[in-house]
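What follows is the residue order along each chain.
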Amino acid sequence: MVDPELGELGNYGKPDTRRRVTRSGAPRSQQAKSYELRAATSLARLWGEQSRRTEALDLLAPVYGWFTEGFDTAGLKDAKALLDELR
């Protein structure tokens, strides 16, 4: 079955286990984490500019820590650079 918005629903080796896949092939939860990283980076940048560095680090570091790959992407590079600035 194909959802025009999200792509296909696929069964990934386990009975009754399905996950939505975006058109790019990325699992939907991975895309949500990328959006959350972007939002956390933006808010952490604002807080850093407002001298709220500890709060910015407390927000951004755990979100950045979710990722185990893709460190060459713009979002993760941006987040890492901001973390380095805040530290």
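Look above for the structure.
Residues numbered from 1 in each chain as written. Predicted model: local features only at pLDDT ≥ 70, side-chain atom pairs only at ≥ 80, totals over all residues. Heavy atoms only, no water.

Enquirer: Explain the overall build of the protein to me, please; I cannot follow it from the model alone.
Expert: When its secondary structure is counted, the protein shows 3 helices and 3 strands. Scanning the protein from its N terminus toward the C terminus, one meets helices and strands in the order β-β-β-α-α-α. For the protein, with 87 residues in total, the buried portion stands at 26%. Restricting the contact set of the protein to residue pairs at least 6 apart, pairs at least 24 apart contribute 31%. (Helix = DSSP H or I, 4+ residues; strand = E, 2+ residues; numbered from the N terminus. Buried < 20%, exposed > 50% of the residue type's maximum accessible area, 1.4 Å probe, protein only. Contact = heavy atoms within 4.5 Å.)

Enquirer: So what exactly am I meant to see when it comes to unusual backbone geometry here?
Expert: For residues besides glycine, phi is generally negative; the peptide bonds are generally trans as well. Phi at S51 is positive, roughly 60°, even though this residue is not glycine. Tracing the sequence through the fold places S51 in the loop between helix 1 (28-49) and helix 2 (53-65).

Enquirer: Help me understand the pattern of salt bridges, please; the structure alone is not making it clear to me.
Expert: When the charged atoms of two side chains lie near each other, side chains of opposite charge can form a pair. According to the stated counting rule, one finds 3 salt bridges in the structure shown. Two residues, R45 and D78, come together in a salt bridge whose shortest N-O distance is 2.8 Å. In this pair, R45 is assigned in helix 1 and D78 in helix 3 (residues 74-86), connecting sequence segments 33 residues apart. Since its relative accessible area comes to 33%, D78 is described here as partly exposed. Residue K80 pairs with D84 through a salt bridge whose shortest N-O separation is 3.0 Å. Pair noted here: K80 and D84 are both in helix 3, with a separation of 4 residues, about one helical turn. (Salt bridge = Lys/Arg side-chain N within 4 Å of Asp/Glu carboxyl O.)

Enquirer: Which parts of the structure should I look at to understand helix 3?
Expert: It helps to recall that an α-helix has 3.6 residues per turn; residues three or four apart then point in one direction. For helix 3, built from 13 residues, the straight-helix expectation of 18 Å at 1.5 Å per residue is met to within 8% by its first-to-last C-alpha distance of 18 Å. Along helix 3, the residues classified as buried are L76, A79, L82, L83 and L86. Down the axis of helix 3, the buried set is contained in an arc of 125°. They therefore lie on one face. Projecting away from the buried face of helix 3 at angles above 90 degrees are the exposed residues A74 and E85. (Expected span 1.5 Å × (residues − 1). Arc of directions from axis to C-beta.)

Enquirer: Sorry, what's going on with the layout of surface pockets here?
Expert: Over the atoms, a rolling probe the size of a water molecule traces out where space has been left empty. Its volume calculated, the largest pocket comes out at about 360 Å³. Q30, S34, F67, E69 and L76 are the residues nearest the centre of the largest pocket, which is lined by 15 residues in total. Elements with a contribution of two residues or more to the lining of the largest pocket: helix 1 and helix 3. When its residues are assigned to classes, the lining of the largest pocket shows 4 nonpolar, 7 polar and 4 charged. (1 Å grid on protein atoms, 1.4 Å probe; cavity = no way out; pocket = protein on both sides within 12 Å on 5 of 7 lines; lining within 4 Å. Points joined across faces, edges and corners; volume = space filled by probe spheres on them. Nonpolar A, V, L, I, M, F, W, Y, C, P; charged D, E, K, R; others polar.)

Enquirer: Help me understand the nonpolar core, please; the structure alone is not making it clear to me.
Expert: Inside soluble globular proteins, nonpolar side chains tend to come together where they are buried. Residues L37, A44 and L60 are the most contacted members of the largest nonpolar core, which totals 14 residues. Elements supplying a minimum of two residues to this core: helix 1, helix 2 and helix 3. Here this core takes 5 residues from helix 3, the largest share from any one element. Residues contacting A44, with those up to four places away along its chain left out, are A56, L59, L60, L82 and L86. (Core = buried A, V, L, I, M, F, W, Y, C linked by side-chain atoms within 4.5 Å.)

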